[in-house]
Amino acid sequence: MRLALPLLLALQAGPPTVGDTVFIERTLGDVGGAVVRPQPWASGGLGRELGPAELRREARGAVVRYALVFWYPGDHTVTLPGPVLVRRDGRSDTLAASTARIRIASVLPANRRRSSLSLRPPVEAVPLAAENPLVPFLFISVTAAGLLVVALRWRRRRKPAPPTVTPPAVPTAELLERWAAAGEHRAALDGWARLLGRRLAVSRDPEETAALQRLLDHIAPTVFAGPGAEQLAGLCRRAARLAGSAT
């Protein structure tokens, strides 16, 4: 697998300054069918991460992107943690860490010592144009009258809101097993796919993740294909066993 060097992206055309949002990317290339899990990154006192890493799939391969902000100007060398690849057979590989060099510009004037810089004078309060209480009273009265007119017109033209449609919940494992026992294998497999897909999204176990992904890969083409009843029933039994072990 080819590894590309980390790519530094800034929001502005020039070099980023202290406090700007800076993006650092790492291109992993083609990872096959492996699940990419970016590792958390702690930059210490140099800066701060602005949330978890983002994972994208592009033509050049999988791309891991971190967003962070730096507190100090100068040239900094940071080390990106290597992501974890979880393969379909349950094996996991942790890629080597990589480094990126980042130049952060200062927001202070160049070629001047900090001791020679002076603070800006405080901004004086803006004087009121008029101190007559009649002016704000008239303004509030006119505004209230305008809002009352708008509210009356809106009430007359208001249409009843459409009824709220609640999406159907994912069937329980017990209900899916009864469907399969009654011969409704395709409906049961569709429910198993949604139920196990939710489990895959939160699973942290590499072996469980690989087993869930393999089963979902088998269910996806089977629901709309024309296999026999025995194959459909076998997939339902595998899904029930895997759901039971996941709980």
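What you see is a predicted model; the values in this text were computed from it and never measured.

Turning to the packing of aromatic side chains, a few remarks are in order. Evaluated as defined, the whole model comprises one aromatic pair. The interplanar angle of 80° and the centroid separation of 5.1 Å between the aromatic rings of Trp41 and Tyr66 together place this pair among those described as edge-to-face. Separated by 25 residues along the polypeptide, Trp41 in the loop between strand S3 (35–37) and strand S4 (47–49) and Tyr66 in strand S6 (residues 61–70) bring together distant segments of the chain. Across the pair, Tyr66 and Trp41 agree in class, each one buried.

One face of the sheet, then the other: side chains in a regular strand alternate in exactly this way. Summarising burial for S6: nine of the 10 residues are buried, a large majority. Two elements, strand S2 (residues 21–29) and S6, share eight bridges in a ladder whose sense is antiparallel. Within the sheet, the bridge partner assigned to Glu25 lies in S6 and is Arg65. Pairing of S4 with S6 involves three bridges; the strand directions are antiparallel. Residue pairing in the sheet places Glu49 in a bridge with Leu68 of S6. Sheet topology note: the strand S5 (residues 54–58)/S6 ladder contains five bridges and is antiparallel. Directly across from Leu55, in S6, lies its bridge partner Val64. Counting the residues in the hairpin turn of S5 and S6 gives two residues.

Of all hydrophobic cores here, the largest spans 19 residues; its most connected members are Ile24, Leu28, Val36, Trp41, Phe70, Val78 and Leu80. Take this core: its biggest share by element is five residues, from S6. By size, the runner-up hydrophobic cluster in this structure holds 17 residues, among which are Leu189, Leu212, Ile219 and Ala243.

What follows is about the confidence of the model for the protein chain. Summarising the model, the protein chain shows a mean pLDDT of 76, and 78% of its residues fall at 70 or more. Least confident of the elements in the protein chain is strand S1 (residues 7–10), whose mean pLDDT is 43; most confident is S6, at 88. Between residues 1–12, whose pLDDT stays under 50, and residues either more than four places distant or in other chains, the model counts 39 contacts.

Spatial ordering of the open sheet is given by S3-S8-S9, a layout of three strands whose pairing is antiparallel. Single-partner strands in this sheet number two, and they are S3 and strand S9 (92–94). Strand-to-strand twist of the sheet, defined as the mean angle between neighbouring strand axes without regard to direction, takes the value 20°. Looking at chain direction, S3 and strand S8 (residues 84–86) are connected through three bridges and run antiparallel. Paired with Val36 across the bridge in S8 is Leu85.

Turning next to empty space enclosed by the protein. Counting across every chain of the model gives one cavity of 30 Å³ or more. Estimated volume of the largest cavity: approximately 30 Å³. Gly33, Ala34, Val35, Val86, Arg87, Arg88, Thr209, Ala210 and Gln213 together form the lining of the largest cavity. Sort the elements by how many residues they give to the lining of the largest cavity and helix H4 (residues 206–223) lands first, with three residues. Looking at the lining of the largest cavity, its residues break down into four nonpolar, three polar and two charged.

What follows is about the pattern of salt bridges. Overall, the coordinates contain nine salt bridges when judged by the stated rule. Measuring nitrogen to oxygen at the nearest pair gives 3.2 Å for the salt bridge that ties Arg56 to Glu25. Placement of Arg56 in strand S5 and of Glu25 in strand S2 is noted, with a sequence separation of 31 residues between them. Glu58 serves as the salt-bridge partner of Arg56, at 2.6 Å between the closest nitrogen and oxygen. Judged by its relative accessible area of 32%, Glu58 is partly exposed. Members of the salt-bridge network, linked through shared partners, are Glu25, Arg56, Glu58 and Arg60.

Let's shift gears to the packing of helix H2 (residues 173–181) against helix H3 (residues 185–202). For the pair H2 and H3, the least separation of the axes is 8 Å and the interaxial angle reads 155°. As the angle between them shows, H2 and H3 are arranged roughly antiparallel. The element H2 and its partner H3 pack so that their crossing is left-handed. For the pair H2 and H3, contact is made by Ala173, Leu176, Glu177, Trp179 and Ala180 and by His185, Ala187, Ala188, Gly191, Trp192 and Leu195, respectively. Split by residue class, the contact of H2 with H3 holds eight nonpolar, two polar and one charged.

Rules used in this analysis
Think of each chain on its own: its residues are numbered from 1, step by step along the sequence as written. pLDDT decides what is reported in this predicted model: residues at 70 or higher carry local features, side-chain atom pairs at 80 or more are listed and counted, and totals for whole chains, interfaces and linings draw on all residues regardless. Side-chain metrics in this entry use all non-hydrogen atoms of the structure; hydrogen atoms and water are not considered. Between 30 and 60 degrees the pair is tilted, below 30 it is stacked and above 60 it is edge-to-face, where a pair is any two Phe, Tyr or Trp rings, Trp via its six-membered ring, whose centres lie within 6.5 Å. In this text, helices come from DSSP runs of H or I with a minimum length of four residues, and strands from runs of E with a minimum of two, each type numbered from the N-terminal end. A 1.4 Å probe rolled over the protein chains alone gives each residue an accessible area, and that area as a share of the maximum for its type sets the label: buried under 20%, exposed over 50%, partly exposed in between. If DSSP finds at least two bridges between two strands, the strands pair. The nonpolar core is taken to be a set of buried Ala, Val, Leu, Ile, Met, Phe, Trp, Tyr and Cys residues, with the residues joined through side-chain atoms within 4.5 Å. Per residue, pLDDT captures the predictor's confidence, and it can take any value from 0 to 100. Every residue pair with non-hydrogen atoms within 4.5 Å of one another is taken to be in contact. For helices, the fitted axis covers only the stretch in contact; all axes are lines through C-alpha atoms, and the angles between them, taken along N-to-C directions, range from 0 to 180 degrees. Using a grid of 1 Å spacing that covers the protein atoms alone, one calls a set of points a cavity when a 1.4 Å probe fits there but cannot get out, and a pocket when the set is open and has protein on both sides within 12 Å along at least five of seven lines; lining residues are those with an atom within 4 Å of a point. Grid points are joined across faces, edges and corners, and a volume is the space filled by probe spheres set on the points. All amino acids are sorted into three groups, where Ala, Val, Leu, Ile, Met, Phe, Trp, Tyr, Cys and Pro are nonpolar, Asp, Glu, Lys and Arg are charged, and the leftover types, Gly among them, are polar. Think of a salt bridge as a Lys or Arg side-chain nitrogen and an Asp or Glu carboxyl oxygen that are within 4 Å of each other. The scheme is simple: roughly parallel for angles under 35 degrees, roughly antiparallel for over 145, roughly perpendicular for 65 to 115, oblique for anything else. A crossing counts as left-handed when the near helix is turned anticlockwise from the far one by less than a right angle, and as right-handed when that turn is clockwise.

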